[in-house]
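What the coordinates show
Here are the chains, one letter per residue:
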Amino acid sequence: MKPHRLELEAFGPYAEPTAIDFDTLSDEGLFLIHGSTGAGKTFLLDALSFALYGEVSGDRNVRSLKSDHAAPAAVPRVQLEFSCGGARYRVERCPAYTAPKARGQGFTDKAAQAVLWRLNGSEAEPIASRTTEVSREVEQLVGLNGSQFRQVILLPQGRFAEVLRARAEDREALLKTLFDSVRFEQASFWLDERAKAARLELTEQNRNLEQLQRQAAQTWSPYAPAADATATLEPTEAAVPEPPQPLSLPELQARIAAVVAAAAKRLDQSSTALEAAQQAKAAVDRQAERWDRRASAAATLADLEAKQPLVDEYRQRLQRAQQAETLRASLEAEDAARQELQRRQEQLGSQLRRTIRARDAAQALPQELVLLDLLTPPGLEALGNARSALAARRAEVTALSNKAQEAAQAENAAQQAARLAADATAKLNRDRAALEARQKQLQAATETWRQACSAGDQLDGLQRAAQAAADRAAASEALLAAQTRQREAITAQNSADAQLNAAQAALLELRQRQIAGMAARLAGDLDDGAPCPVCGSAHHPAPALPSNDAVADATLTAAEQQLSTAGAAARRAAATLATVASELKALAEKAGTAVDDPAAARLAAHQARDSLQNASGLAAEVERLQRAIQGHERELQALQSNLQAAATEQAVHSSAAAADLGRARALRAEIALELGEAVDPRAVLEGFTTLEAALKELAQGAEASASAGTRLEQASARLVRELSGTEFADALAVRAALKEERWRLELAERIAKVERQLIEARAVLGAADLADLPPERPDTAAAEAALIATDAERTAAVERHSEARTARNAIDQLAAEHRQVEAAVQTAQQRASLLSAVADRCLGRTAPYISLQRWVLSTYLAEICRYANQRLELMTSGRYQLRLSDEGGRGGRNAGLGLRVLDAYTGEEREVSSLSGGETFQASLALALGVADTVQAHSGGVHLDALFIDEGFGSLDPDSLQLAMDELDRLRDGGRMIGVISHVGALKERIRAGIAISTGERGSVARLCRTGPD
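Bear in mind the structure is a predicted one, so any value in this text is a computation, not a measurement.

For the rest of this paragraph, the subject is the overall build of the chain. The helix and strand tally for the chain stands at 26 helices and 17 strands. Evaluated residue by residue, the chain yields a buried proportion of 39% over its 1014 residues. In the chain, 75% of the contacts between residues at least 6 apart in sequence involve partners at least 24 apart. Of the roughly 56000 Å² of accessible surface on the chain, a fraction of 51% belongs to carbon and sulfur atoms.

What follows is the structure, given as structure tokens:
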């Protein structure tokens, strides 16, 4: 990582824009940052750290970085261009600050912002646009986090000597921030947890052994003799002081086997007794069944003989019903004829009532119909005379109807003539109105012609206004689409950020799983006979095996590739968002005041376009309007002629209407004289039609009623003839004897069933096997009770035998499990001892009392001392070397991380606190550079092209200063750019280029300068 250009504004003591060109200073390789105390020299280093990581060194608060010398509305910012991995980048950050409100009084809080670009010549490609994303991207590019960067590249004032002077525990905490040793601590804790789990498992298995023993004893307890049972009770005052020992599992197996054998013998005895009782019970049941069968047959026979009179009565009723069934057809025929006659008579009565209603509704009837009696059915001759008279009267009324139709035609003609006269009057009025309207149209056309001539002069201005309104409307509508694209770009960026976070979480989870499987990885490097790097033993009885979720290097590489792909997608999303934002700004400027109201912009554009179209159309109508004015003048002349013709037509039609109306009145008077006032011949004819239909139906109903009476007489005569040869006196007796076929079939079946039951009962009583039965029924209850008692004894024996066998199986199973658990306990004991020994060794609880993590950190510290001694020997002319010491002694918490100094002049080691101020600076500088070299070596090929050292040179004498400068020259010759912050005047003479910091009332100013001789 190499800085190229640093820009500051309103940041710390720098109120005005300040730029530092490190490329100019890198030509010298070594430059000096100097100025008065408090001018802001160290703040340049803070600006570098803040630009990259959003953090500053020391106790400064990132929320108070805005310059107090800057204007209240000024925006604090830091911008840094740097190169890393062959590419060039620019990062810009703004810290959180307060600014005046845009509207009203007071201040508002502004959040921190950050943007990272990749520079490709003159083009800048956005990579990240959020503070956390920028920090994450910078860490991946540089290969160091903020703490490592400030320890390796920025050696802050009074801080780079911490590694030398710190106590062992503080030095351990500092080394943990520089080197990833957490996985070794996690591996140690993992081993300790496994050891605890193994010990718990061993304890649990011992409890399982005791539980199995107790379960076996509990299973045996129901079968134990009284002596065994009392031996398991708690001792009382009367009991012996020491109860007997419980039985072992083999003893319990032997005793329960004896109990099972005894139970099996008892089961055989009870089974034999049960079989004898079942045979005796079966013999008694057979004799009782024969006795019950004889008693049932005798009872059935007595019951049937008692019901015999009732059966004879039902047999007679069945015979009468069968005889009545032969007369059913004649009886039903008479009933049907009687019902038909009744229906015809009811229908005739209804027809009489309809005829009366029709006669009452008719008008101008002949005298024969008026005198016809309809209260009773009339004769067929009277009905014929009435119908003939009605037909003659219809002919007379039809002639009058024709005259009424002629009168209606005359009235229609009069009405038509009146309408024509009214139409002529209306036309006359319309022509007069049209004449007035045409005169007004002529005036309006003349006025419009004048306006059209004026509109032709306004077309140019209206065209310009319409074009401007259309441009604003188009920009306003495009603004909505651009805002939509901006929201989509924001959504895409959020999605890309989420995928980036998921990829980072997945990589972190894989690394944690890799750390969790560290024991298996360490075990994979073990060789037979070679010492273990953890416990030092040359024997490896149970190396850890890889777990199913072990992480391979290829998996980690794939996860890192996914993270790189997600980062590229996030950078592309940020670039898209920036492009859309610029388009949105351009459209907003073009839309002007219509930026927030596209509808109003469209309305204004439509109105301007309508105004232009109206004016254009009006200007094009000048010639047409002139022709229209001439047409209006010709139309006025034609309307004058039409008025005279309409007056003549009105007079003609009024005369014709009066003549037709007189003829119609004469015909109406003749009809009224014949039929009466207000009587319509057509209504009279309609009444005749209804009455004629009623009279016709009445004649047909009278004929049908007479035919029905004849059929009833014939059916009654046939029924009388058929009754003469039967036992029935009349039709009522036949109806009483008639039964449904189902009733007759069921009754016949019941009579036959009784006869069959009589035969069967007599046959049973005559059977040979029922002849020698005792008079009393055999006692089956006593045989049943004996069988139940015997069966209960056998059931108890079966249960006893089954329970004993179950107990024996359970004890055998518990004994087998006990043997298996005993074998497992031995294996668990060995595994718990091994895991506890390794965990205690890794956690420093056993000799040499150094934990695995502290041992790894001490290895890093030894490497740091090796790099540091290469420079310290040069700076001290070979006098001093740094050595590790076992500070804390045997069993000490801080063992393994102590530092001492070897003095070549005396050959003795002594405390680093015994060094003088200059010697301390030399040792601290060498140790800090050693830390930088070690971090670089363990950071995956991170190349550090810059180094900044803050103060400390004032404690050196001239010779030591020369040696320190020689070391810095060697670093510069190695390609590093080195910046030194110091008040020492001699450095100005030795370092030719630098940055001069001056301060005043308006803040500090930094400028490049020449500090030494050319």
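So, about unusual backbone geometry. A positive phi angle is found at A10, which is not glycine, with a value near 55°. Counting through the fold element by element, A10 comes out in the loop between β1 (2-9) and β2 (18-21). Residue classification places A10 among the buried residues on the basis of a relative accessible area of 0%. Of note, S877 is a non-glycine position whose phi angle comes to about 55°, a positive value. Position of S877 relative to the elements: it lies in the loop between α23 (852-875) and β11 (880-885).

Let's shift gears to the pairing of strand β16 (residues 993-1000). Relative to β16, strand β3 (residues 30-35) runs parallel, the two being bridged by 5 bridges. Along β16, the bridge assignment pairs H34 with A996. Sheet topology places β16 next to strand β17 (residues 1003-1010); 8 bridges connect them, and they run antiparallel. The residue bridging G994 from the neighbouring strand is C1009, located in β17. Taken together, β16 and the strand that follows it, β17, pair antiparallel across an intervening segment of 2 residues.

Turning next to the sheet that holds strand β5 (residues 87-94). On the basis of which strands lie adjacent, the open sheet formed by 6 strands has the order β2-β1-β4-β5-β8-β9 and antiparallel pairing. At either end of the open sheet lies a strand with only one pairing partner, and these are β2 and β9 (123-128). Between one strand axis and the next, the sheet turns by 20° as a mean value, whatever way the strands run. Bridge analysis of β5 against strand β8 (residues 113-120) gives 7 bridges, and the strand direction is antiparallel. The residue of β8 that forms the bridge with R90 is W117.

When you line up the elements, S181 lands in the loop between α6 (168-178) and α7 (182-220). Judged by its relative accessible area of 1%, S181 is buried. Distance in space between the C-alpha atoms of S181 and V856 is 7.1 Å, their sequence separation being 675 residues. When neighbours within four sequence positions are excluded, S181 is seen to be in contact with K176, Q853 and L857.

Here strand β4 (residues 77-84) runs beside β5; their pairing, made up of 7 bridges, is antiparallel. In the sheet register, V78 faces β5, and the bridge partner there is R93. The turn linking β4 back onto β5 is made up of 2 residues, and G85 within it adopts a positive phi angle of 60°.

Right, let's talk about the sheet that holds β11 for a bit. A sheet is described by the order of its strands in space; here 3 strands give the open sequence β11-β12-β13, paired in antiparallel fashion. With one partner strand each, in any of the chains shown, β11 and β13 (908-911) form the two edges of the open sheet. Recorded for the sheet is a direction-independent mean angle of 40° between the axes of neighbouring strands. Where strand β12 (residues 898-903) meets β13, 4 bridges bridge the pair, whose relative direction is antiparallel. Bridging across to β13, V901 finds its partner in R910. Across the sheet, α23 lies against β11 and β12, angled at about 170° from β11, the strand it touches most.

Further remarks concern the pattern of salt bridges. Counted according to the given criterion, the structure contains 33 salt bridges. E137 is the salt-bridge partner of R571, the closest N and O atoms lying 3.3 Å from each other. Of this pair, R571 sits in helix α16 (residues 553-591) while E137 sits in helix α3 (residues 131-142), placing them 434 residues apart in sequence. Among the residues examined, R571 registers a relative accessible area of 12% and is labelled buried. Of the charged contacts, one joins E340 and R344 as a salt bridge, the two residues approaching to 2.9 Å between their closest N and O atoms. Taken together, the positions of E340 and R344, both in helix α11 (residues 328-361) and 4 residues apart, correspond to about one turn of that helix.

To continue, consider the packing of aromatic side chains. This structure, assessed with the given rule, holds 7 aromatic pairs. Judged by centre distance (6.3 Å) and plane angle (50°), the rings of F22 and F31 are tilted. Comparing F22 with F31 shows no difference in burial state: the two are buried. A centroid spacing of 6.1 Å and a plane angle of 70° characterise the contact between F31 and F948, whose relative ring orientation is edge-to-face.

This brings us to α23. The end-to-end C-alpha distance of α23 is 34 Å, a good match for the 34 Å that 24 residues give at a rise of 1.5 Å each. At N869, α23 shows its maximal bend, which comes to roughly 30°. Immediately beyond the C-terminal end of α23, within one or two residues, lies S877, with a positive phi of roughly 55°.

Moving on, we get to the packing of α6 against α23. Contact geometry of α6 with α23 gives a least axis separation of 10 Å together with a crossing angle of 80°. Here α6 is positioned roughly perpendicular relative to α23, judged by the angle of their axes. On α23, the residues touching R171, E172, L175 and K176 of α6 are Q853, R854, L857, L861 and I864. When its residues are assigned to classes, the contact of α6 with α23 shows 4 nonpolar, 1 polar and 4 charged.

Thresholds, definitions, all that
- Residues numbered from 1 in each chain as written.
- Predicted model: local features only at pLDDT ≥ 70, side-chain atom pairs only at ≥ 80, totals over all residues.
- Heavy atoms only, no water.
- Helix = DSSP H or I, 4+ residues; strand = E, 2+ residues; numbered from the N terminus.
- Buried < 20%, exposed > 50% of the residue type's maximum accessible area, 1.4 Å probe, protein only.
- Contact = heavy atoms within 4.5 Å.
- Areas by Shrake-Rupley, 256 points an atom, 1.4 Å probe, with all protein chains shown as cover.
- Pairing = 2+ DSSP bridges.
- Axes fitted to C-alpha atoms, helices over the stretch in contact; angles between N-to-C directions.
- Salt bridge = Lys/Arg side-chain N within 4 Å of Asp/Glu carboxyl O.
- Phe/Tyr/Trp six-rings, centres within 6.5 Å; stacked < 30°, edge-to-face > 60°.
- Expected span 1.5 Å × (residues − 1).
- Bend = angle between axes of the 7 residues up to and from the residue.
- Parallel < 35°, antiparallel > 145°, perpendicular 65-115°, else oblique.
- Nonpolar A, V, L, I, M, F, W, Y, C, P; charged D, E, K, R; others polar.

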